[in-house]
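Structure at a glance
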Amino acid sequence: MQRLFFVRHGKTELNQGNYVQGGGIDSPLLEESRKDAGKTGEFLNTEGIRHVIVSPQERAVQTAELITKEFTLSNTVDFVEDFKEMMYGDWEGLLIPDIEKQYPTLFHHLRKQPELYDPKTISGETYEQLTARGRKTIQDAIAEYPEEDILFVGHSILIMCTVLSLLGKGVEDYRSFPPLNNTSITILNREDGHFTLEKWNGTEHLEETNE
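Residues numbered from 1 in each chain as written. Predicted model: local features only at pLDDT ≥ 70, side-chain atom pairs only at ≥ 80, totals over all residues. Heavy atoms only, no water.

A short note on the environment of glycine 48
The condition that has to hold: A run of H or I in DSSP becomes a helix once it reaches four residues, and a run of E becomes a strand once it reaches two; helices and strands are each numbered from the N terminus.
In this fold, glycine 48 is placed in the loop between helix H2 (31-45) and strand E2 (51-54). Put simply, glycine 48 and arginine 135 are 87 residues apart on the chain and 24 Å apart in space, counted from C-alpha to C-alpha.

Printed below as a string of structure tokens:
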């Protein structure tokens, strides 16, 4: 059985300020989240992971560096363009409450009815486009490392939708699970070409104090 580990990047200044932060924008990690990334690395070190796939966005790169710094085993790190966060087009960098007021229907579809979300007017990306590139990233990594566990470090909506897609969920269910916390761990098991969910949004490792 192969295990696939997914970690959302650490919390950033834009996250804290309640701004849209998608695939076209970046922001530094908060100091607290840098510490949380280290805790995540300590926790995952016991899993013997040797292969890491990372979004090239700086918040994910920084998180991956802090995680792998805690790994005892040597590991490969590949940066994959297709593992960037959802592209929000004209909404990138705007305050979320302002968007909700200005685009109430489109924002509702984004959060509550993903099957109806059509972001052409803001030059954004659909859920179907997002999930297609997320799935491609996972499948390419599996093809390269079919017998070994893999860690993916990326983004909330990308990970959530891709994982649910691999579990057989349709686009209408992509927002049906609780959102992923920063530096949370989600785990899929893969056996005989089928995926099952072992853990969703695990954060217990963040409560542990460093010795």
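The structure having been displayed, the exposition proceeds.
A short note on unusual backbone geometry
Across residues other than glycine, the phi torsion is negative in most instances, and most of the peptide bonds are trans. Quick note on the threshold: Relative accessibility decides the category of a residue: with a 1.4 Å probe and only protein chains considered, values under 20% of the type maximum give buried, values over 50% give exposed, and everything between is partly exposed.
Positive phi, close to 65°, is recorded for asparagine 18, a residue that is not glycine. Inspection of the secondary structure assignment puts asparagine 18 in the loop between helix H1 (13-16) and H2. Taking the relative accessible area as the measure of exposure, asparagine 18 reaches 37% and is therefore partly exposed. One non-glycine residue with positive phi stands out, namely threonine 183, at about 55°. Looking at the element boundaries, threonine 183 is found in the loop between helix H7 (156-166) and strand E5 (185-191).

Things to note about the pairing of E5
Put simply, the rule reads: Any two strands with at least two DSSP bridges between them are considered paired.
Across the seven residues that make up E5, a large majority, five, are buried. Pairing analysis gives six bridges linking strand E1 (residues 2-8) to E5, with the strands arranged antiparallel. Within the sheet, the bridge partner assigned to arginine 3 lies in E5 and is asparagine 189. Here E5 pairs with strand E6 (residues 194-202) via six bridges, running antiparallel. When the sheet's bridge partners are listed, leucine 188 is paired in E6 with leucine 197. Here E5 hands over to E6 after two residues, with aspartate 192 in that stretch at a positive phi of 55°.

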